[in-house]
Amino acid sequence: MLLGDGMDGRTLTHEILSQLPVARQTTAWGTLGTIKPYLGFDTESDVQHLVEAIAGADHGAILDVLTNRTNAQRQQITKVFQALTKQDLLKSMGAALSGDLERVIVGLLKPLAQYDAHELRAAMQGMGTDEDALIEILSTRSNQQLRESLAFYQRDFKADPEKDIASETSGWFKEILLALAKGKREHYTGIIDYALIQQDAEALANPGARSEVAGERTWISIFTQRSPEHLSRVFGQCRESHGLEVEDTICKRFRGDGQAAMLALASVCRNTPRYFAERLHNAMKGPSTADKVLIRILISRSETDLLSIRSEFKKRHGKSLYSCLQVSMLRLPHPRGADPTTAWPRTWGHPAVRASPPAVVLMPRFSALPTRHHFPPSTKSRTQEAWLPAPC
């Protein structure tokens, strides 16, 4: 099923941007996410609008409803949809949509823990293992989130996630992932333990007479069990007392995937939003876009800290994440004979499309214009000007 037949790139961009939630205040709903609880939430009304949108192939209306509801509200919609229609909403969306739009909508409809479980499974299936996805998920979720995700993994795939990790990875990388999967990271209580900071800094800087293997295990234990707040102080103590940056020491002690995992853990502990900002930036570099990375991060952080990630992105790269996503989604080859000054339209599910626009549906915009489409009054759609920013 295709969207946007006859549309040029600007029109299609206009269509997509019309679905974006507005986030004017970073703390108005208690988080730094771009999706907030919808105050006029009416489950039955939303279900009715989705039934009509699916029947009419109105992708815009589907986006308008689901990207303006929190995950908890979407779970209520899913239950009421089943009760009223005797159909599974996920399966209905799978039949009505295709390509990356389907991937986004299905991801939004799953509980976050189940979404993570399926992303972990996908990272270990097929040709090769997606090491970056594994470390991203396992290093940035809380203990409770990890327990819930691994429970979904066992339920949905009838498999032990730790056994799968052990069979698909090796070396220190395997040790790091298994340590993270145990979910034993300490919770920060607000109390600063200066003695433990000094002790951990010494353990990282001076393995002493311990064997090299014991030294690496000490590093992994500290990195996977201490809280990020504690570790950031340990890193500072290492620099102050021993003149060592932990990243430099990691590069000397670890190799390959183990080194990449430890560097990622250090980045997460220093500044989690910055870590995600760099992941997003790297996903948009080069001739093609890593849509799976963009979609996973935007879905998983949309109610947590996506505004902070956006801020870090702007600080480090001088351009907004939003505008870079726009450029990335329009970066496609032109068909033969087409006007090169006109953006080639991206149509979800089209075989010529390598990446898709749903990556921007969770990003906020601030200017609003009247919508040119009719949407349900309860969803209060907002439409922004169609524009193409300068390339990143």
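Scroll up to find the structure.
Residues numbered from 1 in each chain as written. Predicted model: local features only at pLDDT ≥ 70, side-chain atom pairs only at ≥ 80, totals over all residues. Heavy atoms only, no water.

**Q** So what exactly am I meant to see when it comes to the packing of aromatic side chains here?
**A** Note on aromatic pairs: each is described by the distance of the centres and the angle between the planes. Applying the stated criterion across every chain, the model contains six aromatic pairs. Geometrically, the ring pair formed by Trp172 and Phe254 is edge-to-face, given 6.5 Å between the ring centres and 80 degrees between the ring planes. Here the residue Trp172 occupies a position in helix H11 (residues 171-181), and Phe254 occupies one in the loop between helix H15 (246-253) and helix H16 (256-270), the gap between them amounting to 82 residues. Overall, the relative accessible area of 25% leaves Trp172 in the partly exposed class. Looking at Phe254, the relative accessible area reads 1%, which means it is buried. Ring centres of Trp219 and Phe223 lie 5.5 Å apart, and the angle between their planes is 25 degrees; this geometry places the pair in the stacked category. With a gap of four residues between them, Trp219 and Phe223 both fall in helix H13 (residues 212-225), about one helical turn apart. (Phe/Tyr/Trp six-rings, centres within 6.5 Å; stacked < 30°, edge-to-face > 60°. Helix = DSSP H or I, 4+ residues; strand = E, 2+ residues; numbered from the N terminus. Buried < 20%, exposed > 50% of the residue type's maximum accessible area, 1.4 Å probe, protein only.)

**Q** So what exactly am I meant to see when it comes to the pattern of salt bridges here?
**A** Two side chains with opposite charge may pair up if their charged atoms get near one another. With the rule as written, the count across this model stands at 20 salt bridges. Residue Arg226 pairs with Glu186 through a salt bridge whose shortest N-O separation is 3.1 Å. Of this pair, Arg226 sits in the loop between H13 and helix H14 (228-242) while Glu186 sits in the loop between H11 and helix H12 (194-205), and the two are 40 residues apart along the sequence. Classification of Arg226 by relative accessible area gives buried; the value is 13%. Between Arg270 and Glu245 there is a salt bridge; the shortest N-O distance is 3.3 Å. (Salt bridge = Lys/Arg side-chain N within 4 Å of Asp/Glu carboxyl O.)

**Q** Mind showing me how you'd approach H14 here?
**A** Each turn of an α-helix holds 3.6 residues, which means side chains three or four residues apart point in the same direction. Here H14 contains 15 residues, and its C-alpha end-to-end distance of 20 Å stays within 8% of the 21 Å for a straight helix at 1.5 Å per residue. Three or more residues of H14 are buried, namely His230, Leu231, Val234, Phe235, Gly236, Gln237 and Cys238. The inward-facing, buried residues of H14 abut H12, H13, H15 and H16. Downstream of H14 by a residue or two, Gly243 has a phi angle that is positive, lying close to 65 degrees. (Expected span 1.5 Å × (residues − 1). Contact = heavy atoms within 4.5 Å.)

**Q** For this particular structure, what's the right way to read the packing of helix H3 (residues 59-66) against helix H6 (residues 99-109)?
**A** A pair of packed helices is characterised by two quantities: the angle between their axes and the separation of those axes. The geometry of H3 relative to H6 is characterised by a closest axis approach of 11 Å and an angle of 30 degrees between their N-to-C directions. Classified by the interaxial angle, the pair formed by H3 and H6 is roughly parallel. Considering the relative orientation of H3 and H6, their crossing is left-handed. Taken together, the residues of H6 that come into contact with H3 (itself represented by His59, Ile62, Leu63 and Leu66) are Leu101, Ile105 and Leu109. Among the residues making up the contact of H3 with H6, the classes are represented as six nonpolar, one polar and no charged. (Axes fitted to C-alpha atoms, helices over the stretch in contact; angles between N-to-C directions. Parallel < 35°, antiparallel > 145°, perpendicular 65-115°, else oblique. Left-handed = near helix turned anticlockwise from the far one by under 90°. Nonpolar A, V, L, I, M, F, W, Y, C, P; charged D, E, K, R; others polar.)

**Q** Help me out: how do you make sense of the nonpolar core in this one?
**A** Across soluble globular proteins, nonpolar side chains show a tendency to be buried alongside one another. By size, the foremost hydrophobic cluster in this structure holds 61 residues, and its most contacted members are Ile135, Ile176, Phe223 and Met262. Here Met262 is in contact with Ile176, Trp219, Ile220, Phe223, Ile250 and Phe254, once residues within four sequence places are set aside. In terms of nonpolar packing, the next biggest core, distinct from the first, is built from 23 residues, Phe81, Leu89, Leu101 and Ile105 among them. (Core = buried A, V, L, I, M, F, W, Y, C linked by side-chain atoms within 4.5 Å.)

**Q** Is there a simple way to explain helix H7 (residues 112-123) in this structure?
**A** Here H7 contains twelve residues, and its C-alpha end-to-end distance of 16 Å stays within 8% of the 16 Å for a straight helix at 1.5 Å per residue. Those residues of H7 that sit buried are Ala113, Gln114, Tyr115, Asp116, Ala117, Glu119, Leu120 and Ala123.

**Q** I keep staring at unusual backbone geometry and nothing clicks. Help me out?
**A** Among all residues except glycine, the phi angle is most often negative; among peptide bonds, the trans geometry is most common. Even without being glycine, Lys86 reaches a positive phi, approximately 60 degrees. Of note, Lys86 is situated in the loop between helix H4 (71-85) and helix H5 (89-96). Unlike most non-glycine residues, Lys158 shows phi in positive territory, near 50 degrees. Looking at where Lys158 falls in the secondary structure, it is placed in the loop between helix H9 (143-157) and helix H10 (161-168). In this structure Lys158 comes out as exposed when scored by relative accessible area, which is 72%.

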